[in-house]
Amino acid sequence: MRAKWRGFTLIELLVVVAIIALLISILLPSLSRARELSKRVVCASNARAIGNACKIYAAEPWHNDNWPTPPFDRTALSQNTQIIYSSINQLTADTDTPMRWQESTITPDFGLNVSTTRAFWMLIRAGETIPKGYICPSSGDQVDDTEEINRYYDFTGLGNVSYGYQVPFGPFDTRPSENVDTRMGMIADKGPAAAGPPTNAPLDTTMTLASPIREWRQFNSSNHGGRGAGEGQNVYFGDGHVDFEQTPVVGVDHDNIYSLMTDFATTNGRLSGQWPQTGTVIADPYPGQGTFGGSPNDQQQRATTDSLIWP
């Protein structure tokens, strides 16, 4: 006589569902983490490609080992004049400065209102890179869809570029080039200031090299983790390698790559420094300016190893 088949009871089904739910809850964080790590690899690849394009640009005989440097009013360097280098679309309430600059309406060599990301657009105009290569997949930024690339000199907005550049406005030995200290950070995920206007106050001066990694997250790029909770940033160094760094203190001699070096390059002056923007204008026109004292136009009293990634 054939045995009668007995189906699953409700309790057995609920146990199976509970086990499946438990397995999902265990696996999902791991899958999410794996996705983020894969995005970091793509981000690092982007930073490497941009940096290598800069090196190719510098190798051209007529560029004399200099990386892309947007034209700016160089007379400001010998005067007590402030250069306004901001991101496109401005990080402040100042909306009167056209950071994008149409070729038909304004010349590229325009005064003191300059944008570091114009250096990246120079590579796009030259055909060395494409807009898609400037988007970190973890950032939420969108690819710039500009069709008439040669008509403009910058990205449409800050949400169309995920990386910052060593500030190129200053004396030759502080601009990005093949002659800088190879330990300097030259390109990186855009800094914390890009997530919102920085305050006028200096960075937290209580931070030390011994501070827990989690406490440094507020000073990291927001690309990987969100505003105030960045897990770190990909940094392209002068020697051509890229590392994912858990703190921004990765420049020469423990230099914060997102702040200006101050206070005679003391420990605090390197770790904290000051935000590169105060109010609506730049406090110092180029990295390292006035680090060792002197007047704003004294180019002998500066630090030449100050990494300053902006935005």
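The structure we're discussing is the one just above.
Cut-offs used in this document
- Residues numbered from 1 in each chain as written.
- Predicted model: local features only at pLDDT ≥ 70, side-chain atom pairs only at ≥ 80, totals over all residues.
- Heavy atoms only, no water.
- Patch = residues over 30% accessible without salt bridge, like charges linked within 9 Å, V, L, I, M, F, W, Y side chains within 5 Å.
- Areas by Shrake-Rupley, 256 points an atom, 1.4 Å probe, with all protein chains shown as cover.
- Salt bridge = Lys/Arg side-chain N within 4 Å of Asp/Glu carboxyl O.
- Helix = DSSP H or I, 4+ residues; strand = E, 2+ residues; numbered from the N terminus.
- Phe/Tyr/Trp six-rings, centres within 6.5 Å; stacked < 30°, edge-to-face > 60°.
- Buried < 20%, exposed > 50% of the residue type's maximum accessible area, 1.4 Å probe, protein only.
- Core = buried A, V, L, I, M, F, W, Y, C linked by side-chain atoms within 4.5 Å.
- Contact = heavy atoms within 4.5 Å.
- Pairing = 2+ DSSP bridges.

**Q** It is not clear to me how a nonpolar patch on the surface should be interpreted in this structure. Could you clarify?
**A** Among the surface-exposed residues, Ile11, Val15, Ile19 and Leu23 lie close enough to one another that they form a single nonpolar patch of about 380 Å² accessible area. In this fold, isoleucine 19 is placed in helix H1 (residues 10-59).

**Q** Please clarify how the packing of aromatic side chains should be interpreted in this entry.
**A** Aromatic rings in a pair are described by how distant their centres are and how their planes are angled relative to each other. With the rule as written, the count across this model stands at seven aromatic pairs. Ring centres of phenylalanine 120 and tyrosine 134 lie 5.2 Å apart, and the angle between their planes is 40°; this geometry places the pair in the tilted category. You can see phenylalanine 120 sitting in helix H2 (residues 118-125) and its partner tyrosine 134 sitting in the loop between H2 and strand S3 (163-166), a full 14 residues away along the chain. For tyrosine 134, a relative accessible area of 0% puts it in the buried group. Relative to phenylalanine 219, the ring of tryptophan 216 has its centre 5.8 Å away and its plane inclined at 70°; by these criteria the two rings are edge-to-face. The exposure class of phenylalanine 219 is buried, given its relative accessible area of 9%.

**Q** Just to check I follow, could you spell out the pattern of salt bridges for this structure?
**A** If the charged atoms of two oppositely charged side chains come close together, the side chains can form a pair. Taken as a whole and judged by the stated rule, the model has seven salt bridges. The partner of aspartate 173 in a salt bridge is arginine 302, with the nearest N and O atoms 2.7 Å apart. In this pair, aspartate 173 sits in the loop between S3 and strand S4 (185-189) while arginine 302 sits in the loop between strand S8 (281-282) and strand S9 (309-310), placing the two residues 129 residues apart along the sequence. Among the residues examined, aspartate 173 registers a relative accessible area of 36% and is labelled partly exposed. Between aspartate 181 and arginine 183 there is a salt bridge, with its nearest N and O atoms 2.8 Å apart. By relative accessible area, aspartate 181 is classed as partly exposed at 23%.

**Q** Please clarify how the nonpolar core should be interpreted in this entry.
**A** Across soluble globular proteins, nonpolar side chains show a tendency to be buried alongside one another. Grouped together as the largest cluster of nonpolar side chains are 28 residues, with contacts concentrated most on Trp67, Phe120, Tyr134, Tyr163 and Ile187. Sorting the residues of this core by element identifies H1, H2, S3 and S4 as the ones contributing at least two each. Per-element accounting of this core gives the leading share, eight residues, to H1. Those residues in contact with tyrosine 134 that lie beyond four places of it in its chain are Ile50, Phe120, Leu123, Ile124, Thr129, Phe155, Val161, Ser162 and Tyr163. Counting residues in hydrophobic clusters, the runner-up holds nine residues, among them Val114, Leu260, Leu308 and Trp310.

**Q** Mind showing me how you'd approach unusual backbone geometry here?
**A** Phi is mostly negative for residues that are not glycine, and the peptide bonds are mostly trans. Of the consecutive residues tryptophan 310 and proline 311, the connecting peptide bond is found in the cis state with omega at 0°. Take proline 311: it is sitting in the segment after S9. If you check the backbone angles, aspartate 65 has positive phi at about 70° while not being a glycine. Within the secondary structure, aspartate 65 is located in the loop between H1 and strand S1 (84-85). Not every positive phi belongs to a glycine, and aspartate 253 is a case in point at roughly 55°. Within the fold, aspartate 253 resides in the loop between strand S6 (242-245) and helix H4 (267-271). Judged by its relative accessible area of 48%, aspartate 253 is partly exposed.

**Q** In this structure, what is going on with the sheet that holds strand S5 (residues 233-237)? I would like to understand it.
**A** Taken in spatial order, the five strands make up an open sheet running S6-S5-S4-S3-S9, and their pairing is antiparallel. At either margin of the open sheet sits one strand with a lone partner, and together these are S6 and S9. For S4 and S5, the ladder comprises three bridges, and the chain directions are antiparallel. By the bridge assignment, alanine 188 is partnered in S5 with valine 235.

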